[in-house]
Amino acid sequence: MADNATHSYISSFFLVGIPGLQAFHCWIGIPVCLLFALALLGNSVIIITIKIEPSLHLPMYFFLCMLAVNDMALVSSTAPKMLGIFWLDAHKFDFSICLAQMYFIHTFCIIESALLVAMAFDRYVAICIPLRYTTILTTPIMVTKMGLAGVIRATFMVLPCPLLIKRLPYYTKYVINHAYCEHMAVVKLASANTLINRAYGISVALSVMVLDLGLIATSYIKILQAVFRLSSQNARSKALGTCAAHVCTLLVSYTPALFSFLTHRIGKKVPPSIHIIFASLYLLVPPTVNPLVYGVKTKQIRDRVASLFLPNKKISGN
């Protein structure tokens, strides 16, 4: 209570945006807005296409639909505030709303990782044990259970982060050198020991990356072993082709995430502007690129989208 007599708790944060590049914020907002619009449009097209095309009512496309919904939620929790900072100078952010944004951003990121694991597992079953595919994954109940498991895991893993921050005192430091409310950026401003917060944040990030990347790597090693045992060159090419979109998505999702995580902990010499740009790309680029990758690499989606926008064009069977 003595602290309350001499200090007052802050009620809001000030989000700087991208430190050192404030003079270019109005221009930086243009690609952010473009990525936001493309992410919403592309993922909406994927969802609508899968919904109206009966031939796409398969586990792989249901997982893709879940990924599209999650991507729309992720980009919507980030881009509007960024645009407010870049174009409207709306830097002030209420303390509770900042914690809510932080919670949803990290929750959606972990859900995305879980969905990528589920999609890798789907490809593993389809290619390595195809005779059991219908018994393992074709039932909608199993697909729904896997999706719910990813949501529940993310919800409870991230929940302690804002709760632990709520117990910390924030007296004088209120400027966040970031474009959104990121966990470590908020924790660093506390006027108290934050060892528990730091340790928990690192343990969550490492457990998700190690576990999920390990499962994904194991799935694709098994897939490659099975593919190269195929005698038919055509079958081999077709099997590899079905995995190409997933591999592209993994690279787009995890590369900036790993860079952002490492620079936040050990990359002391990396300029803050570079770190924040990569941290922002991590949230904006995958939701934008995923529908483009799957639209180009997946023939069924590509043909169906072409028939929607070009109804008079004859779709090639090749």
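Quick note: structure is the one above.
These lines cover the structure that appears in this document, whether it is placed above or below. Quick caveat, the model's predicted, so the values are computed rather than measured. (Residues numbered from 1 in each chain as written. Predicted model: local features only at pLDDT ≥ 70, side-chain atom pairs only at ≥ 80, totals over all residues. Heavy atoms only, no water.)

Things to note about unusual backbone geometry
Non-glycine residue Asp-89 carries a positive phi angle of around 55°. Counting through the fold element by element, Asp-89 comes out in the loop between helix H4 (79-88) and strand S2 (92-94). (Helix = DSSP H or I, 4+ residues; strand = E, 2+ residues; numbered from the N terminus.)

Regarding the nonpolar core
Among soluble globular proteins, nonpolar side chains are generally buried collectively. Counting residues in hydrophobic clusters, the biggest one holds 80 residues, and the most contacted among them are Phe-13, Leu-64, Tyr-170, Ile-176 and Val-186. The element best represented in this core is helix H5 (residues 95-128), accounting for 18 residues. If sequence neighbours within four positions are ignored, Leu-64 has contacts with Ile-46, Ile-50, Met-119, Tyr-294 and Ile-301. (Core = buried A, V, L, I, M, F, W, Y, C linked by side-chain atoms within 4.5 Å. Buried < 20%, exposed > 50% of the residue type's maximum accessible area, 1.4 Å probe, protein only. Contact = heavy atoms within 4.5 Å.)

So, the state of the cysteines
Taken as a whole and judged by the stated rule, the model has one disulfide. The disulfide partner of Cys-98 is Cys-181, and the gap between their sulfur atoms is 1.9 Å. Its torsion about the S-S bond being -120°, the disulfide of Cys-98 and Cys-181 is classed as left-handed. On the criterion of sequence distance, the pair formed by Cys-98 in helix H5 and Cys-181 in the loop between strand S3 (175-176) and helix H9 (183-187) is long-range, its members being 83 residues apart. By relative accessible area, which is 0% here, Cys-181 ends up buried. (Disulfide = S-S within 2.5 Å.)

Some points on the pattern of salt bridges
According to the stated counting rule, one finds two salt bridges in the structure shown. Arg-123 is paired through a salt bridge with Asp-122; the nearest N and O atoms lie 2.8 Å apart. Looking at Asp-122, the relative accessible area reads 0%, which means it is buried. Here Asp-212 makes a salt bridge to Arg-153, at a shortest N to O gap of 2.9 Å. Here the residue Asp-212 occupies a position in helix H10 (residues 195-227), and Arg-153 occupies one in helix H7 (residues 140-158), the gap between them amounting to 59 residues. Of the residues examined, Asp-212 reaches a relative accessible area of 2% and is grouped as buried. (Salt bridge = Lys/Arg side-chain N within 4 Å of Asp/Glu carboxyl O.)

Here's the deal with the packing of H7 against H10
Relative orientation of the contacting elements H7 and H10 amounts to 160°, with a least axis distance of 11 Å. Considering the angle they form, H7 stands roughly antiparallel to H10. Every pair of crossing elements has a handedness; the one defined by H7 and H10 is right-handed. Within the contact between the two elements, H7 uses Arg-153, Phe-156 and Met-157 and H10 uses Tyr-200, Val-204, Ser-207, Val-208, Leu-211 and Asp-212. When its residues are assigned to classes, the contact of H7 with H10 shows six nonpolar, one polar and two charged. (Axes fitted to C-alpha atoms, helices over the stretch in contact; angles between N-to-C directions. Parallel < 35°, antiparallel > 145°, perpendicular 65-115°, else oblique. Left-handed = near helix turned anticlockwise from the far one by under 90°. Nonpolar A, V, L, I, M, F, W, Y, C, P; charged D, E, K, R; others polar.)

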